Amino acid sequence: MYRLFSWEHSLFSGKARAYLRFKERSGALGPGYEDILATPELARGLLLKRSGSAAVPQLEAPDGTWIQDSSEIIDYCEAEHPEARVIPVPEEAPRQCLASFLIELLADEWMVVPAFWERWYFSEDGREPNHRGFNEQQWGAMLAAGASGDVRRAMASQLFESAFGISESRTNPRAVYAGLVQLGVDENTEPAWQASQHRILQHLEAHFAKHDYLLGGAPSLADFGLLAPLYAHLYRDAVPGFALRTHFPLVCEWVERTNGEGCLNSRSYGQKLYSLDERGELVGRLAASDAGRWLPNDGLADTLRPVLAVFFEEMWPVLSDAARVLSDYIASDAHAPGDELPGKTFFATPGFEALQTGQGPLTHDFEIGGIRGRRMVIPYQMWMLERVGRALSRCTASEAGRSAVESLLAGFPRGSELQKLDGLLAGCRTRKKRALLFSVGG
Ligand SMILES: N[C@@H](CCC(=O)N[C@@H](CS)C(=O)NCC(=O)O)C(=O)O
């Protein structure tokens, strides 16, 4: 069996788990998988040793191959088990393929910010409503698995105080609170990040009013990517979870459908609806929208375009500036080609804080919703962009593919810049070895 090492409350674990569940239920995952809680003992004694990082999710394949990173988990399993595929074939459906990779990137590395903020903002002292108790419970379930409820909560509470400095989150931000600052969340930008999240949720609510999944009637990489910020943080955490259920009920239904749990009536994978024929006999039919398939003819729903527009309007300017800043740093005397680069998403990578905080060489000005802030450059995002670039070159390999992609991108501000991705990334190519990132060269 595959072994998935995960936490229920982890953003990227939700993405990998829902993907594996879909493949398994579709009969496409060979031996299936076991979901193993990555306790601190396993994180230190196994994950860290195998990959160089204790981050979850990580996957061990039946032959012992070890895979760290939710995107690599999906790529690995797609190559091994191509049935019930989740990535549209670039040569056949270039627009759906490109859209899937862009939404994965938007969800993983942009929507992560307000989702992460919701969890920790509503755990701070004095916030009302407040879900600190819930947050203690979910962290404690991992930190002290098997211990009694009071011990589990106490362990988490202790971690929140001693390591995360929750009581002085605003005056002396540490760990997760420092991470939020490093990601560009401060008192000025907070409302803008929240507005960005609401804008996306409104677009999604409109989309799921017509279609069960992002590409139509079956899940894709775009759905599993989107589930990363939506499941553990926005759906499960108590305060955003209440808001999501009350304001975005169709998004909630999609979360349940895509996650494959608590979804009896939400037309999840392969579910049927039944009617009675004239003799009173049950007649089943596929429940999903769009005949249970991605839209025909490489179609993208009109309701999906506003979601892609958020990528180009908000995230793309930041990514392209980050590529420039990272290229300058790699070319400078401060870095030798082939050396390690910071890797984390949620906060500055230990050992690289001087580069990624304050006015360090791996920080830059950015804008969200017209508000200016400063954030760290995350080289991992260039690794993700290279992944988009590989898909893009296959999408545009034929004349027909090129023109399909060109007309899609022409509909977005600065959309055509994506076609010059190779040039943008030329000075900041990365190599990922286990969980570690290095510049290319040397
Ligand atoms: N890019 C990675 C991100 C993994 C990640 O940051 N995981 C978080 C939880 S969602 C984590 O384990 N953080 C703790 C740590 O880095 O030690 C992926 O897609 O899997």
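As shown above, the structure is provided for reference.
What counts, and where the lines are drawn
Residues numbered from 1 in each chain as written. Predicted model: local features only at pLDDT ≥ 70, side-chain atom pairs only at ≥ 80, totals over all residues. Heavy atoms only, no water. Axes fitted to C-alpha atoms, helices over the stretch in contact; angles between N-to-C directions. Helix = DSSP H or I, 4+ residues; strand = E, 2+ residues; numbered from the N terminus. Left-handed = near helix turned anticlockwise from the far one by under 90°. Contact = heavy atoms within 4.5 Å. Nonpolar A, V, L, I, M, F, W, Y, C, P; charged D, E, K, R; others polar. Near = heavy atom within 4 Å. Polar contact = N/O pair within 3.5 Å; in protein donor to acceptor, adjacent residues only side chain to side chain. Pairing = 2+ DSSP bridges. Salt bridge = Lys/Arg side-chain N within 4 Å of Asp/Glu carboxyl O. Buried < 20%, exposed > 50% of the residue type's maximum accessible area, 1.4 Å probe, protein only. Patch = residues over 30% accessible without salt bridge, like charges linked within 9 Å, V, L, I, M, F, W, Y side chains within 5 Å. Areas by Shrake-Rupley, 256 points an atom, 1.4 Å probe, with all protein chains shown as cover. Phe/Tyr/Trp six-rings, centres within 6.5 Å; stacked < 30°, edge-to-face > 60°. Lys NZ or Arg CZ within 6 Å of the ring centre and 35° of its normal.

A. Local environment of the packing of helix α5 (residues 112-121) against helix α9 (residues 190-208). Remark: α5 packs on α9, axes separated minimally by 9 Å, with the N-to-C direction vectors making an angle of 115°. Classified by chirality, the crossing of α9 by α5 is left-handed. Between α5 and α9, the contacting residues are Val113, Pro114, Ala115, Trp117, Glu118 and Tyr121 on the first element and Glu190, Trp193, Gln194 and Gln197 on the second. Here the residues of the contact of α5 with α9 sort into six nonpolar, two polar and two charged.

B. Looking closely at the site of the ligand. Taken together, Ser10, Leu11, Phe12, Ala55, Val56, Pro57, Asp69, Ser70, Lys344, Phe346 and Tyr380 form the complete shell of residues around the ligand. In the model, a nitrogen atom of the ligand is placed 2.8 Å from a nitrogen or oxygen of the valine 56 main chain. Looking at side-chain class alone, the shell around the ligand contains seven nonpolar, two polar and two charged residues.

C. Highlighting the sheet that holds strand β7 (residues 340-341). The strand order across the open sheet formed by three strands is β7-β11-β10, and the pairing between neighbours is antiparallel. Only two strands of the sheet have a single neighbouring strand rather than two, namely β7 and β10 (430-433). For β10 and strand β11 (residues 436-439), the ladder comprises four bridges, and the chain directions are antiparallel. Within β11, the residue paired with lysine 432 across the bridge is leucine 437. This element, helix α15 (residues 379-395), spans β7, β10 and β11 of the sheet and lies at about 100° to β10.

D. Representation of the pattern of salt bridges. On inspection of all chains with the given rule, the structure shows 40 salt bridges. Arginine 387 is the partner of glutamate 104 in a salt bridge, and the nearest nitrogen-oxygen pair spans 2.5 Å. Placement of the pair is glutamate 104 in helix α4 (residues 94-109) and arginine 387 in helix α15, with a sequence separation of 283 residues. The salt bridge involving glutamate 187 is made with arginine 170; its shortest N-O contact spans 3.7 Å. Placement of the pair is glutamate 187 in the loop between α8 (175-182) and α9 and arginine 170 in the loop between α7 (149-162) and α8, with a sequence separation of 17 residues. A relative accessible area of 37% places arginine 170 in the partly exposed class. Because the salt bridges share partners, they merge into one network encompassing Lys15, Asp75, Glu104, Asp108 and Arg387.

E. Examining a nonpolar patch on the surface more closely. A surface patch of nonpolar side chains, about 380 Å² in accessible area, is lined by Tyr274, Leu276 and Leu282. With respect to the helices, strands and loops of the structure, tyrosine 274 is situated in strand β5 (residues 272-276).

F. Structural detail: the packing of aromatic side chains. Per the counting criterion, the structure on display carries 25 aromatic pairs. Their ring planes at 70° and their centres at 4.8 Å tell us that phenylalanine 22 and tyrosine 269 sit as a pair that is edge-to-face. Of this pair, phenylalanine 22 sits in helix α1 (residues 11-25) while tyrosine 269 is found in the loop between α12 (249-259) and β5, placing the two residues 247 residues apart along the sequence. The exposure class of tyrosine 269 is buried, given its relative accessible area of 15%. For the pair phenylalanine 160 and phenylalanine 164, a centre-to-centre distance of 5.9 Å together with 15° between the ring planes defines the contact as stacked. With respect to class, phenylalanine 160 is no different from phenylalanine 164; both count as buried. Linked through ring pairs, Trp7, Trp120, Trp139, Phe160, Phe164 and Tyr177 together constitute an aromatic cluster. Geometry around tyrosine 235 places arginine 245 over its ring, the cationic atom sitting 4.2 Å from the centre. Directly above the ring of tyrosine 213 sits arginine 257, whose terminal nitrogen or CZ lies 5.9 Å from the centroid.

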